[in-house]
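Examination of the molecular architecture
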Amino acid sequence: MTIPNITNASTGVSSATRQPSTTLGKNEFLKMLIAQLKNQDPTNPMDGQQMAAQLAQFSSVEQLIDINQKLDAQATGNASIAQAINNSTAINAIGRDVSAIGDQVELTGANDLRVRAVVQGTGRGTLTLRDANGTVVGRRDLGVLNAGDQEIALGGVELGLARGVYTWSVEVTGTDGASIPVTQFTRGRVTGLEYSAAGAQLVAGRLRIPISSVVSVSDR
């Protein structure tokens, strides 16, 4: 036998798809306690200690719900404050140079284009340039790189390539053959500000830099 899908005319909610709540709130807990008192055996009623224990449980549940609601409100407030700070930082960055964690570089046809990386140890480095599809379009040997903050010239690997946004990477290998960690940075002069589902983004030419990835802002 097929049960018809009955819809409540006043709410438009299908009774066949309505699901019971799985959350036990303080109202539900109190209803359960009242039902238990109404249906207890008159010849063997609930003793005072058991009653006190259940009331204590109810009080604990109520306090936990109140604490959870306050924490939710606090989290919402903190998120709003963080968003306001990010927006203010983004606006103040317009017209200035920023450095952010990332691996993008814009080829503009300028000579002596450089990228920035922080190397965690001394070793031999290799620079690789890739297009938007991830295809390697240039590679060069960097020789020995010392540990620390490095300004690395593309050194001609960009010649003949169309203008646009590319990604780059630097791999450094120590004398023992082990890979040395490298932190890469995206740099650019901020010309505007955009908003997306991910939050505020700085516009630097064709680059889009999330404000959350910015590590420094300068007037260089």
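Heads up: these notes are all about the structure in this document. Values in this document were obtained by computation on a predicted structure and should not be read as measured data.

Considerations on the overall build of the protein
Within the protein one finds 2 helices and 13 strands. Across the 220 residues in the protein, those meeting the buried criterion constitute 28%. Sequence separation of at least 24 residues holds for 65% of the intrachain contacts in the protein that already meet a minimum separation of 6.

With respect to the layout of surface pockets
Its volume calculated, the second largest pocket comes out at about 150 Å³. Among the residues making up the lining of the second largest pocket, the classes are represented as 5 nonpolar, 4 polar and 3 charged.

Some remarks on the nonpolar core
Core analysis: the biggest nonpolar cluster contains 18 residues, and Trp168 and Val170 have the highest contact counts within it. For this core, the secondary structure elements donating two or more residues are β2 (104-107), β3 (114-119), β4 (123-130), β5 (136-145) and β7 (164-173). Among the elements that line this core, the one with the most residues is β7, at 4 residues. Ignoring any residue separated from it by four or fewer positions in sequence, one finds Trp168 in contact with Gly102, Asp103, Gln104, Val105, Val115, Arg116, Ala117, Leu127, Thr128, Leu129, Gln184 and Phe185. Ala93, Ala200, Leu202 and Ile209 belong to the second largest nonpolar core, which has 10 residues in total.

Description of the sheet that holds strand β11 (residues 199-204)
Strand pairing in a sheet relies on backbone hydrogen bonds. The paired strands run either parallel or antiparallel. Across the sheet, 3 strands lie side by side as β10-β11-β12; this open sheet has antiparallel pairing. The open sheet is flanked by β10 (192-196) and β12 (207-210), the only strands paired with a single partner. The mean angle between the axes of side-by-side strands here comes to 35°, regardless of whether they run parallel or antiparallel. Bridge analysis of β10 against β11 gives 5 bridges, and the strand direction is antiparallel. Within β11, the residue paired with Ser196 across the bridge is Gly199.

Things to note about the sheet that holds strand β1 (residues 97-101)
A sheet is described by the order of its strands in space; here 5 strands give the open sequence β6-β3-β9-β1-β13, paired in antiparallel fashion. The sheet terminates laterally at β6 (148-153) and β13 (214-218), the two strands that pair on one side only. Neighbouring strand axes in the sheet, compared pairwise and without regard to direction, differ in orientation by 25° on average.

A closer look at the environment of Leu207
Structurally, Leu207 can be placed in strand β12. Sequence separation of Leu207 and Glu106 is 101 residues, and the distance between their C-alpha atoms is 6.8 Å.

Observations regarding the pattern of salt bridges
All chains considered together, the criterion is met by 8 salt bridges. Among the salt bridges present, the one from Arg114 reaches Asp112, with a minimum N-O distance of 3.4 Å. You can call Arg114 partly exposed: its relative accessible area is 37%.

Remarks on the environment of Asp176
Among the secondary structure elements, Asp176 is positioned in the loop between β7 and β8 (179-180). When the C-alpha positions of Asp176 and Gly123 are compared, they lie 9.3 Å apart, and in sequence the two are 53 residues distant. Polar contacts involving the side chain of Asp176 include one to the main-chain amide nitrogen of Ala178, which spans 3.0 Å.

Criteria and thresholds
- Residues numbered from 1 in each chain as written.
- Predicted model: local features only at pLDDT ≥ 70, side-chain atom pairs only at ≥ 80, totals over all residues.
- Heavy atoms only, no water.
- Helix = DSSP H or I, 4+ residues; strand = E, 2+ residues; numbered from the N terminus.
- Buried < 20%, exposed > 50% of the residue type's maximum accessible area, 1.4 Å probe, protein only.
- Contact = heavy atoms within 4.5 Å.
- 1 Å grid on protein atoms, 1.4 Å probe; cavity = no way out; pocket = protein on both sides within 12 Å on 5 of 7 lines; lining within 4 Å.
- Points joined across faces, edges and corners; volume = space filled by probe spheres on them.
- Nonpolar A, V, L, I, M, F, W, Y, C, P; charged D, E, K, R; others polar.
- Core = buried A, V, L, I, M, F, W, Y, C linked by side-chain atoms within 4.5 Å.
- Pairing = 2+ DSSP bridges.
- Axes fitted to C-alpha atoms, helices over the stretch in contact; angles between N-to-C directions.
- Salt bridge = Lys/Arg side-chain N within 4 Å of Asp/Glu carboxyl O.
- Polar contact = N/O pair within 3.5 Å; in protein donor to acceptor, adjacent residues only side chain to side chain.

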